[in-house]
Amino acid sequence: MKKHDEILKGLSNQLKEIFDSSGQAMYIYLDDEHKVCNKKFASMLDYKSTAEWASVKGNFPTAFVKEKSQATLIRAYQAAMENGVGSSIDVDWKKKSGGSAKTKVILVPISYEGHRMALHFISEV
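## Section: the packing of aromatic side chains
- In the structure shown here, the tally under the stated rule is 13 aromatic pairs.
- For the ring pair F41 and W53, a centre distance of 5.6 Å and an interplane angle of 75° mean the geometry is edge-to-face. You can see F41 sitting in helix α3 (residues 39-44) and its partner W53 sitting in helix α4 (residues 50-54), a full 12 residues away along the chain. There is no split in this pair, since F41 and W53 are both buried.
- Centre to centre, the rings of W53 and F60 are 6.2 Å apart; their planes meet at 80°, and the pair counts as edge-to-face. Residue W53 shares its accessibility class with F60, and that shared class is buried.
- Ring pairs connect the aromatic residues Y27, Y29, F41, Y47, W53, F60, F64, Y77 and W93, which therefore count as one cluster.
- The cationic tip of K35 hangs over the ring face of W53; the distance from NZ or CZ to the ring centre is 5.9 Å.

Rendered as structure tokens:
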């Protein structure tokens, strides 16, 4: 697990300028415990900080994605990890406050130090 922490931290540092300046919400997903987002995404889902969002435990789709969008996000993630295929999908997110955020998500596979992850760009619709 420590290796995953180091990988995520290294990639986050490498992408810091994009995370901080992007007009889109963004996050990187390695696994349910190893994820990082920018302020725009945390705010979109009503979290006070990126750290608060990243600290949410449990299954990612269950914690953050409305049930009707879970299978779509999971299929896109699997295609990225298994086949290196990017996707543009509609995802309805769960807000911490109980509401929802309808979005367009661009999901692309990325690799850092031999570990494949998914980089997501999110725009509200």
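## Let's talk about unusual backbone geometry
- A positive phi angle, near 70°, is found at D46, a position not held by glycine.
- Tracing the chain through its elements places D46 in the loop between α3 and α4.
- Judged by relative accessible area, D46 falls into the partly exposed class, the value being 32%.
- The backbone phi angle of E113 is positive, close to 50°, even though this residue is not glycine.

## Re the pairing of strand β5 (residues 115-124)
- Where strand β1 (residues 25-31) meets β5, 5 bridges bridge the pair, whose relative direction is antiparallel. Bridge pairing in β5 places I28 opposite L119.
- Note that strand β4 (residues 100-112) and β5 share 10 bridges and pair antiparallel. Along β5, the bridge assignment pairs K104 with S123.
- Counting the residues in the hairpin turn of β4 and β5 gives 2 residues, including E113, whose phi is positive at 50°.

## Some points on the pattern of salt bridges
- Evaluation of the coordinates by the stated rule reveals 6 salt bridges.
- With a shortest N-O distance of 2.5 Å, K16 and D20 are connected by a salt bridge. With K16 and D20 both in helix α2 (residues 16-21) and 4 residues apart, this pair spans about one turn of that helix.
- Residue classification places K16 among the partly exposed residues on the basis of a relative accessible area of 45%.
- Among the residues examined, D20 registers a relative accessible area of 52% and is labelled exposed.
- Salt bridges sharing common partners tie together K68, D92 and K102.

## With respect to helix α6 (residues 67-83)
- For α6, which comprises 17 residues, the first-to-last C-alpha distance of 25 Å matches the rise-based estimate of 24 Å (1.5 Å per residue) to within 8%.
- Considering only its buried residues, α6 is in contact with β1, α5 (60-64), β3 (87-94), β4 and β5.
- Where α6 terminates, the next one or two residues include G84, which has phi positive at roughly 65°.

## Looking at the pairing of β1
- In terms of burial, β1 is largely enclosed, as 7 of its 7 residues are buried.
- Two elements, β1 and strand β2 (residues 34-37), share 4 bridges in a ladder whose sense is antiparallel. Bridge pairing in β2 places I28 opposite V36.
- Remark: 2 residues form the turn of the hairpin made by β1 and β2, two consecutive strands paired antiparallel.

Calculation criteria
- Sequence order as written defines the numbering, with residues in each chain counted from 1.
- pLDDT decides what is reported in this predicted model: residues at 70 or higher carry local features, side-chain atom pairs at 80 or more are listed and counted, and totals for whole chains, interfaces and linings draw on all residues regardless.
- To obtain the side-chain values, all non-hydrogen atoms of the structure were included, while hydrogens and water were left out.
- Aromatic rings from Phe, Tyr and Trp, with only the six-membered ring used for Trp, were paired whenever their centres fell within 6.5 Å, and each pair was classed as stacked if the ring planes differed by under 30 degrees, edge-to-face if by over 60, and tilted otherwise.
- Runs of E in the DSSP output that reach at least two residues are strands. Runs of H or I that reach at least four are helices, and both are numbered from the N terminus.
- Any residue under 20% of the maximum accessible area for its type is buried, any over 50% is exposed, and the rest in between are partly exposed; the area is computed with a 1.4 Å probe on protein chains only.
- A positively charged side chain is recorded as over a ring if its NZ (Lys) or CZ (Arg) lies within 6 Å of the ring centre. The angle to the ring normal must also be within 35 degrees.
- Strands are labelled as partners when DSSP assigns at least two bridges between them.
- A side-chain nitrogen of Lys or Arg and a carboxyl oxygen of Asp or Glu constitute a salt bridge if their distance falls within 4 Å.
- What a helix should span is 1.5 Å times the count of its residues minus one.
- We call two residues in contact when some of their heavy atoms are within 4.5 Å.

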